[in-house]
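Commentary on secondary and tertiary structure
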Amino acid sequence: MEVGTTRNVVIVGSGPAGLTAAVYTARANLQPLVIEGELSSTSDQPGGQLMLTTDVENFPGFPNGIMGPQLMMSMREQAERFGAEIVTKKATKVDLSASPIAIWTEDPDAAEPDVTTKSLIISTGASSLMLGLPNEARLLGYGVSTCATCDGFFFRDKRIAVIGGGDSALEEALFLTKFGDSVTIVHRRKELRASKIMQDRAFKNEKIDFVWDSAVVDILGDEKVSGIKIQDVITGEDRELAVDGVFVAIGHEPNTGLFKGQLAMDAAGYLVTEGGTRTALPGVFACGDVQDHVYRQAITAAGSGCMAAIDTERYLASFE
Ligand code: NAP
């Protein structure tokens, strides 16, 4: 990363939205810089959420499906092929009121930013929600996981619980049946939120059973998970379920902390965009899950990354 020169465009975030924006802006000869993030938590995952998934069966062009991490590596290679510069760092602070826009990737208290840019594409995505139980944090990596792809292998012939009732929970549960002896989906209601096709698959799978109307109130185990305590939300009764692994799959929150106070957000913290990917600030664009809580698909994120790139190109061209 060259210090001192102002970039045409910086892209913060490297999921399908960010890398598609990188492919398009690179092909438009804008020499984009992608700040891809650093692997430190579920919210700082270079490559985004697809790095934590298994088979992607609905991304057009792959009739037999493709593994999420492989898809992301291919997008990254494609962006680099056209000249995108990708740095494995985290943006620690941004000043969107500065002209040019200022971005820090090291010490956020440093007087000088690490990079300045004429335009910014925000594609920081969303990350996994957690239950918020004290033992959940303590046992993360010791039986508690948010990623079946990464950790499923460790639960061969084990008893597994998956928490949640959406597509993520069912996808994780179905994947985990390849390893586990049994997979119990614990859901706080009696109806699943997941799509019909996923529900059908889960109901048909002999290894999967359901515990309905139940909240997980504790995760048990000293050095590793030995079970969960669940509460029937109707009767209030507590009971314990012996499991070796707990996969939390209860949804996501947008990674927008960096932009608080500088950009408009909705009640859930997603960035507000108008007329495509434009934010209220000239030269600042947002695409992918960070501004989309409705569709949240890899293909829609990639599509909005393309829109952000075109919006950026037009914005920059307007000064020429
Ligand atoms: P989601 O649809 O928001 O579902 C979250 C689930 O977790 C809901 O069932 C919710 O319960 C439950 N939940 C939330 N907070 C909870 C808490 N504190 N304690 C217990 N349960 C809690 O999230 P998602 O499953 O991650 O899916 C997000 C989006 O991505 C959806 O649009 C989905 O269709 C899509 N997606 C698609 C695929 C696919 O097509 N293969 C795969 C994954 C995700 P309630 O139902 O009671 O609210």
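See above for the structure.
Below is a short write-up of the structure. (Residues numbered from 1 in each chain as written. Predicted model: local features only at pLDDT ≥ 70, side-chain atom pairs only at ≥ 80, totals over all residues. Heavy atoms only, no water.)

As for the site of the ligand
In the neighbourhood of the ligand, 17 residues make up the surrounding shell, with D167, S168, R188, R189 and R193 lying closest. D167 places a polar side-chain atom, nitrogen or oxygen, 2.5 Å from an oxygen atom of the ligand. Here an oxygen atom of the ligand sits 3.0 Å away from a polar atom, N or O, in the side chain of R188. Against a free-state accessible area of 910 Å², the protein chains account for coverage of 76% of the ligand. The element best represented in the shell around the ligand is helix α5 (residues 167-176), accounting for 3 residues. Per-class residue counts for the shell around the ligand are 2 nonpolar, 9 polar and 6 charged. (Near = heavy atom within 4 Å. Polar contact = N/O pair within 3.5 Å; in protein donor to acceptor, adjacent residues only side chain to side chain. Areas by Shrake-Rupley, 256 points an atom, 1.4 Å probe, with all protein chains shown as cover. Helix = DSSP H or I, 4+ residues; strand = E, 2+ residues; numbered from the N terminus. Nonpolar A, V, L, I, M, F, W, Y, C, P; charged D, E, K, R; others polar.)

Quick word on the pairing of strand β1 (residues 6-12)
Within β1, 6 of the 7 residues are buried, which leaves it mostly tucked inside the rest of the structure. Sheet analysis places β1 next to strand β8 (residues 115-122), joined by 6 bridges and oriented parallel. Paired with T6 across the strands is T116, a residue of β8. Relative to strand β2 (residues 33-35), β1 is paired through 3 bridges, and the arrangement is parallel. (Buried < 20%, exposed > 50% of the residue type's maximum accessible area, 1.4 Å probe, protein only. Pairing = 2+ DSSP bridges.)

Examining helix α1 (residues 16-27)
Here α1 contains 12 residues, and its C-alpha end-to-end distance of 16 Å stays within 8% of the 16 Å for a straight helix at 1.5 Å per residue. With 10 of 12 residues buried, α1 lies mostly within the body of the structure. Among the residues of α1, those classed as buried are P16, A17, G18, L19, T20, A21, A22, V23, T25 and A26. Taken together, the buried residues of α1 touch β1, β2, α2 (68-81), β5 (85-87), β8 and α7 (298-317). One or two steps after α1, the chain reaches N29, where phi turns positive at roughly 70°. (Expected span 1.5 Å × (residues − 1). Contact = heavy atoms within 4.5 Å.)

A closer look at the nonpolar core
Counting 29 residues, the largest nonpolar core has I11, A22, L50, F59, L71, M75 and I121 as the members making the most contacts within it. Of all the secondary structure elements, the ones that give two or more residues to this core are β1, α1, α2 and α7. In terms of nonpolar packing, the next biggest core, distinct from the first, is built from 21 residues, F155, L176, A194 and A249 among them. (Core = buried A, V, L, I, M, F, W, Y, C linked by side-chain atoms within 4.5 Å.)

Quick notes on the sheet that holds strand β14 (residues 214-220)
With respect to topology, 3 strands assemble into an open sheet ordered β14-β15-β16, the strand pairing being antiparallel. Single-partner strands in this sheet number two, and they are β14 and β16 (238-241). Neighbour to neighbour, the strand axes of the sheet diverge by 30° on average, direction disregarded. Examined bridge by bridge, β14 and strand β15 (residues 227-232) share 6 bridges and lie antiparallel to one another. Bridge pairing in β15 links L220 to G227. (Axes fitted to C-alpha atoms, helices over the stretch in contact; angles between N-to-C directions.)

As for the packing of α1 against α2
Between α1 and α2, the shortest axis-to-axis distance is 8 Å and the interhelical angle comes to 20°. Classed by the angle they form, the pair α1 and α2 counts as roughly parallel. The interaxial crossing formed by α1 with α2 has left-handed handedness. Here P16, L19, T20, A22, V23 and A26 of α1 come into contact with α2, specifically with M72, M75, R76, Q78 and A79. Classifying every residue of the contact of α1 with α2 by side-chain character gives 8 nonpolar, 2 polar and 1 charged. (Parallel < 35°, antiparallel > 145°, perpendicular 65-115°, else oblique. Left-handed = near helix turned anticlockwise from the far one by under 90°.)

Read these as layout, nothing more, since geometry by itself doesn't imply function.
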